[in-house]
Structures are given as C-alpha cells and as structure tokens.
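# Fold and contact review
As a plain string of letters, each chain reads:
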Amino acid sequence: MQQSYRLIKKQEQWHFANEAELENFIWDNLKDIFNLTPLKRQHYIESNICDILAISKNKELVIIELKIW
C-alpha cells in the first residue's frame, strides 16, 4: 500500500510538513533509498534520541539523525 506524506510548498519548493513526516518517509523507504534494513525508530541512548537505527548490508549499525529547515 502506498503511503501519503504531508508536504508544504515554500517559494516554489516542496518540503515535508515537519520532521515526523520526513522520518516516516525515510523509514518507509529506507531499503530503496539507502539499501538499509530498518531496525528501530526513536531509540534512547544515554538521554539522547536516535531518529532511525538501521543495519547495512555489511551488518554495520547506521544511525540516522534527521532535521528539517
């Protein structure tokens, strides 16, 4: 099933409505975009939060921190 993501248009450019929308998009398309296997979202490590944890094809841990501006 195809997902829908909220986008907004700012000065002729499209942006995700917020960081949560970007995170949903990346999580749902992690394999296709980065060839990564999703592991966990919003993981707490020593009072810090990792947006996305994933595993590479070489079995390496990948931490993805997302920001929008």
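Residues numbered from 1 in each chain as written. Predicted model: local features only at pLDDT ≥ 70, side-chain atom pairs only at ≥ 80, totals over all residues. Heavy atoms only, no water.

## A closer look at a nonpolar patch on the surface
There is a patch of nonpolar side chains on the surface, built from L39, L61 and I63 and spanning about 310 Å² of accessible area. Looking at the secondary structure, you find L39 in strand β3 (residues 37–45). (Patch = residues over 30% accessible without salt bridge, like charges linked within 9 Å, V, L, I, M, F, W, Y side chains within 5 Å. Areas by Shrake-Rupley, 256 points an atom, 1.4 Å probe, with all protein chains shown as cover. Salt bridge = Lys/Arg side-chain N within 4 Å of Asp/Glu carboxyl O. Helix = DSSP H or I, 4+ residues; strand = E, 2+ residues; numbered from the N terminus.)

## Some remarks on helix α1 (residues 19–28)
Because an α-helix packs 3.6 residues into every turn, residues spaced three or four apart end up facing the same way. Of all the residues in α1, the buried ones are E21, L22, E23 and I26. Taken together, the buried residues of α1 touch β2 (13–16), α2 (30–34), β3 and β4 (48–55). Looking at where α1 begins, the residue whose side-chain oxygen comes 3.1 Å from the main-chain nitrogen of A20 is N18. (Buried < 20%, exposed > 50% of the residue type's maximum accessible area, 1.4 Å probe, protein only. Contact = heavy atoms within 4.5 Å. Polar contact = N/O pair within 3.5 Å; in protein donor to acceptor, adjacent residues only side chain to side chain.)

## Let's talk about the pattern of salt bridges
According to the stated counting rule, one finds four salt bridges in the structure shown. Of the charged contacts, one joins K9 and E12 as a salt bridge, the two residues approaching to 3.7 Å between their closest N and O atoms. What makes K9 partly exposed here is its relative accessible area of 47%. Of the residues examined, E12 reaches a relative accessible area of 67% and is grouped as exposed. Residues K67 and E65 are paired through a salt bridge, measuring 3.1 Å at the closest nitrogen-oxygen approach. Judged by its relative accessible area of 57%, K67 falls in the exposed class.

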